[in-house]
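Read off the chains here:
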Amino acid sequence: MLKGRSLIDPSDFTREEFREIFDLAHQIIENPEKFNKSCEGKILATLFYEPSTRTRFSFEAAMLRLGGTFIGFSEPNSSSTAKGENIADTIRTIECYADIAVMRHPKEGAPKVADQYITMPLINAGDGGHQHPTQTLTDILTIERLKGGVENKTYGFCGDLKFGRTVHSLIKFLSNYEGVKFILISPEELRVPEYIREEIIKKKNIPFEEVEKMEPYMGELDFLYMTRVQKERFFNEEDYVRLKDRFILDNEKMKHAKPDTYILHPLPRVNEISLEVDCDPRAQYFAQAKNGMYVRMALILKLLGLK
Amino acid sequence: MLEITSIEKGIVIDHIPAGYGIQLFNYLKLDKADYTVALIFNAFSKKMGRKDIIKINNEIDIDYNFLGLINANITVNIIDKGTISKKVKLEVPTTVTNIIRCKNPRCITSIENYFNQQFHLVDKEKHSYRCEYCDDIVVPFPR
């Protein structure tokens, strides 16, 4: 039963519960009109303490397409946070006005703290370099639509795997499925955090390799998940400049990939995928962004217990 | 050989890894004690080489979780009428609350701290713990 629950971490729901969400998302894609009044009279609060385009817009669009409406802020300076209000007080106040809330915050664990103070459903829309579970829903829905399922596949993750919260959430999710293998491509400084390597990948005996070159592994992959080196996660500008252009996917590198190796990216992209790759049918990151709205519609419906 | 007289009623915390005695002494706020307390550094130990010992000439409440967090091999003897009346067996705590703080500058606990600071045991051998909020792994008391 997902009604009334929160999604803070990919481990909050079981495989069966995620299945319910994906099945509903597929239904919405097939017949979106059927759901355009499902959330009539309901209000979604969007609390974005950090800038966002896709995630915020997709949540807001999702709620509008379900017939509901939204309130919120898109940067903390326009809220009581600027006056020094803590997260617990902000979320308790918002609960007085909304039925469900979405929170993005630059500090890791902020949505988990907020969730302790409310009973309405709360969705983590990204907390620092930690987790981004609804991006994972987006990624999985895209994978399912492209290849039917997530099992028995090799996934390449490339770029900033240390602070890339979308990578952490996706690895955490995929690690519950049989036959998955990970190729983790990053500079040494941006490898996955210890808790992901030790607590998730190794504990679940998932085959993985940590490598620093993309080309030799392109031919093995079913999906290549590219990520941006995020300037906002670095305390030191020099480190960012040194690492930001380390991996750039272009048509030359795409020649090493299989005809059905799909390229995913949570977006926004800077220059880690050359624009020329966009014309390749294997580039699926914009389809991914659209799926994000549908899967968020499904999530909102499930957490509100609506059909 | 330095001799510290035995106590009549109180607690002896023995086999503290050398160097951690002062942290334990401070955590138990023994610097504020109005009863006799002995903190012994670098005592000889057959098993450990060097160890610290704390003798407290009073009955006080002790957070055994903190002791277990430092090292589960620490021994705690409750003394009554000059003899050991009880030996407390310590365990490595699976969860610790409000004892250690997360050092990850990106963690929410670095800017807000009105809620419990919890850590969960990850690896008993490595003595590592995971922050409840950011999942950062710390080894609070390295062996």
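Residues numbered from 1 in each chain as written. Chains lettered and ligands numbered in written order. Predicted model: local features only at pLDDT ≥ 70, side-chain atom pairs only at ≥ 80, totals over all residues.

A. Highlighting the overall build of chain B. Per the secondary structure count, chain B includes two helices and nine strands. From first element to last, N terminus to C terminus, chain B shows the α and β order β-α-β-β-α-β-β-β-β-β-β. When its C-alpha atoms are laid out on the principal axes, chain B stretches across 50 × 30 × 25 Å. Counting all 143 residues of chain B, 24% fall into the buried class. (Helix = DSSP H or I, 4+ residues; strand = E, 2+ residues; numbered from the N terminus. Buried ≥ 20, exposed ≤ 12 C-beta atoms within 10 Å, placed from the backbone.)

B. Seen up close, the interface of chain A and chain B. In this assembly, 16 residues from chain A lie in contact with 14 residues from chain B. At the level of secondary structure, the elements contributing two or more residues to the side of chain A that touches chain B comprise α3 (87-95), α4 (110-115) and α7 (194-202) of chain A. Its residues placed into classes, the side of chain A that touches chain B shows five nonpolar, six polar and five charged. (Contact = placed C-beta atoms within 7 Å. Nonpolar A, V, L, I, M, F, W, Y, C, P; charged D, E, K, R; others polar.)

C. Layout of the sheet that holds strand β3 (residues 49-56) of chain B. Residue and element names in this part refer to chain B. Taken together, five strands build an open sheet; the order of strands is β2-β3-β1-β4-β5 and the sheet is antiparallel. Unpaired on one side and paired on the other, β2 (37-45) and β5 (83-88) mark the two borders of the sheet. Within this sheet the neighbouring strands show an average axis-to-axis angle of 25°, counted without direction. In this sheet, β5 lies alongside strand β4 (residues 75-80) in antiparallel orientation, the contact comprising five bridges. The residue bridging Ile79 from the neighbouring strand is Ile84, located in β5. (Pairing = 2+ DSSP bridges. Axes fitted to C-alpha atoms, helices over the stretch in contact; angles between N-to-C directions.)

D. Up close: the domain arrangement of chain B. On domain assignment, one finds that chain B holds domain 1 (10-88) and domain 2 (95-138). Taking only C-alpha atoms into account, the centre of domain 1 of chain B sits 25 Å from that of domain 2 of chain B. (Domains from an automatic or database assignment.)

E. Main features of the sheet that holds strand β9 (residues 137-138) of chain B. Residues and elements named next belong to chain B. Judged by pairing direction, the sheet is antiparallel, and its four strands sit side by side in the order β6-β7-β8-β9 without closing on themselves. Looking at the sheet topology across the chains shown, the edges are occupied by β6 (95-97) and β9. Bridge count for β6 against strand β7 (residues 118-123) is three bridges, and the pairing is antiparallel. Across the sheet, the residue bridging to Thr95 is His120, located in β7.

F. Representation of the environment of Met293 of chain A within the structure. All names here are of chain A. Among the secondary structure elements, Met293 is positioned in helix α10 (residues 285-304). The exposure class assigned to Met293 is buried, which follows from the 22 C-beta atoms found within 10 Å. Linking Met293 and Arg56, residues 237 residues apart in sequence, is a C-alpha distance of 10.0 Å. Not counting residues up to four positions away in its chain, the partners in contact with Met293 are Ser58, Ala61 and Ala62.

G. Representation of the nonpolar core within the structure. With 105 residues, the main nonpolar core has Ala101, Tyr225, Met297 and Ile300 of chain A as its most contacted residues. Per-element accounting of this core gives the leading share, ten residues, to α10 of chain A. (Core = buried A, V, L, I, M, F, W, Y, C linked by C-beta atoms within 7 Å.)

H. Structural view of the confidence of the model for chain B. Per-chain confidence: chain B averages 92 in pLDDT, with 97% of residues scoring 70 or above. Overall fold confidence for the complex sits at a pTM of 0.89, while the interface term, ipTM, reaches 0.88. (pLDDT = per-residue confidence, 0-100.)

I. Layout of the domain arrangement of chain A. All names here are of chain A. Domain parsing of chain A yields domain 1 (10-131 + 292-304) and domain 2 (133-289). If you average the C-alpha positions of domain 1 and of domain 2, the two centres end up 25 Å apart. Taken together, the contact between domain 1 and domain 2 spans 21 residues of the former and 21 residues of the latter. Here the side of domain 1 that touches domain 2 takes five residues from α10, the largest share from any one element. Its residues placed into classes, the side of domain 1 that touches domain 2 shows nine nonpolar, nine polar and three charged.

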